[in-house]
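# What the coordinates show
One letter stands for each residue in the lines below.
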Amino acid sequence: MADEMKIGIVGAAGRMGQMLVRQIGETDGCVLAGATERPDSDAIGKDAGTLAGIGTAGVAIGGDPAAMIAGVDAVIDFTAPDVTVHHADLAAQAGAAIIIGTTGMGPDHVESLERAARHAPVVFAPNMSVGVNLLMALVEQVARTLDDSYDIEIVEMHHRHKVDAPSGTALGLGRAAAAGRGVDLDEAGRLSREGHTGARPRGEIGFATLRGGDVIGDHTVCFATEGERIELTHKASGRQIYAAGALRAALWTKGRAPGLYSMNDVLGIEV
Ligand code: NAD
C-alpha cells in the first residue's frame, strides 16, 4: 500500500537481519523494500524472505547499500561499527532514517552518527528491547525516589556460553540506578563479592552473576531496606524483542526531523 513505510535491512543474512525480515512480515504499516549483505557474502542474490524462512519476499539481497538506501524510507542496521557508520552516511545523503542496534561503538563512531543525524533521523540503542528500556527508566525513577537506606542489588542470569560478566544490560541498569541516586557507578558499583567481605557499605550498588543453561537474559534490580524490598524484573525469552523494538523505532521516525534519538525518545519515556 502507498502509505506503508518502506524498510531496508542491511546485514540481512545475519542473526538479527533474518529476525528483522521476519518481524517486518508480522508488523502492520511497513514493507520490506530492500536488503543488503557484505559484497562477498554467499547470500547475495538470494531472496531475503526465503533466507529468513518465511517464504519468498520478492526482495533479492544486494551488495550496493547506496542504491538500496536511496529507495527506502528507513534502514535498520545490526551489523558492525565501521559498516554502520558508512550506512549512516549513506542514509544522511539519501534523507532516509536509520535505526542502529550495532553494539561496540567507540567515541569516533558516535561522532560520525552525530554528524549523520544533522541530515536524517538516527535512532541508536545498544538494547532495542522495549521492556529493557522501560526497566532502565523505572530503575532510575525508583532510585531517585528512595534514599540510600535502600540497598541496591542487581542480579542477572544468562546462558552458559556468555563470556562477559556482569552483562552490558546489568551494567546499564547499574548506571540508571546510579544516575537516579546522583552518584557515579564507577565509585558506588561492586561488581562481585567473595570471601570475608565485611558488612555492606551504605550506598553500594552490588551485582551478582548467574550462568547456566539456555537463559537468554534475566535481570532483577532489588531495592532492600529494613522491613521491605522492591524488586523490578525483566526476563527475555526470545531475541525477537530486539527486532520488535527496532521496527517500532523505524515506524516512529516517519515524518520526524533529523536528530540523534534513543529508545527513550521512541517510547516517550522522560528520565
Ligand atoms: P551477525 O554476525 O549474525 O550479523 C551481522 C551481519 O552483518 C552478518 O550477516 C554480516 O555478513 C553482515 N555485514 C557485515 N558487513 C556488512 C556490510 N558491509 N554490508 C552488509 N552487511 C554486512 O550478528 P548479530 O548477532 O545479528 O548482531 C549484529 C550486531 O547487533 C552486533 O553488534 C550485536 O551486538 C548487535 N545486537 C544488538 C541488539 C540490540 O538490541 N541493540 C540486539 C542483538 C544484537
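See the structure above.
Residues numbered from 1 in each chain as written. Predicted model: local features only at pLDDT ≥ 70, side-chain atom pairs only at ≥ 80, totals over all residues. Heavy atoms only, no water.

## As for the packing of helix α4 (residues 81-94) against helix α5 (residues 107-116)
Condition: With axes taken as lines fitted to C-alpha atoms, and helix axes fitted only over the stretch in contact, angles between N-to-C directions fall between 0 and 180 degrees. Numbering of helices and strands runs from the N terminus; a helix is a DSSP stretch of H or I covering at least four residues, while a strand is a stretch of E covering at least two. For classification purposes, an angle smaller than 35 degrees is called roughly parallel, one larger than 145 roughly antiparallel, one from 65 to 115 roughly perpendicular, and anything else oblique. Throughout, a residue-residue contact means that at least one pair of heavy atoms, one from each residue, lies within 4.5 Å. As a working rule, the residues Ala, Val, Leu, Ile, Met, Phe, Trp, Tyr, Cys and Pro are called nonpolar, Asp, Glu, Lys and Arg charged, and the rest polar, with Gly in that last group.
The contact between α4 and α5 brings their axes to 9 Å, and the two run at 10 degrees. Looking at the two axes, α4 sits roughly parallel to α5. Between α4, through P81, D82, V85, A88, D89 and A92, and α5, the contact on the second element is made entirely by H109, S112, L113 and A116. Each residue belonging to the contact of α4 with α5 can be placed in one class, and the counts come to six nonpolar, two polar and two charged.

## Let's talk about the sheet that holds strand β9 (residues 205-211)
The line we're drawing: At least two DSSP bridges between two strands are required for those strands to pair.
One open sheet accounts for five strands, arranged β8-β9-β7-β10-β11; its pairing is mixed. The open sheet has two edge strands, β8 (189-190) and β11 (228-236), and neither has a second partner. Note that strand β10 (residues 217-225) and β11 share nine bridges and pair antiparallel. Residue pairing for β11: H219 is matched across the bridge by H234. Together, β7 (151-158), β10 and β11 form the strand contacts of helix α6 (residues 130-145), whose direction differs from that of β11 by roughly 165 degrees.

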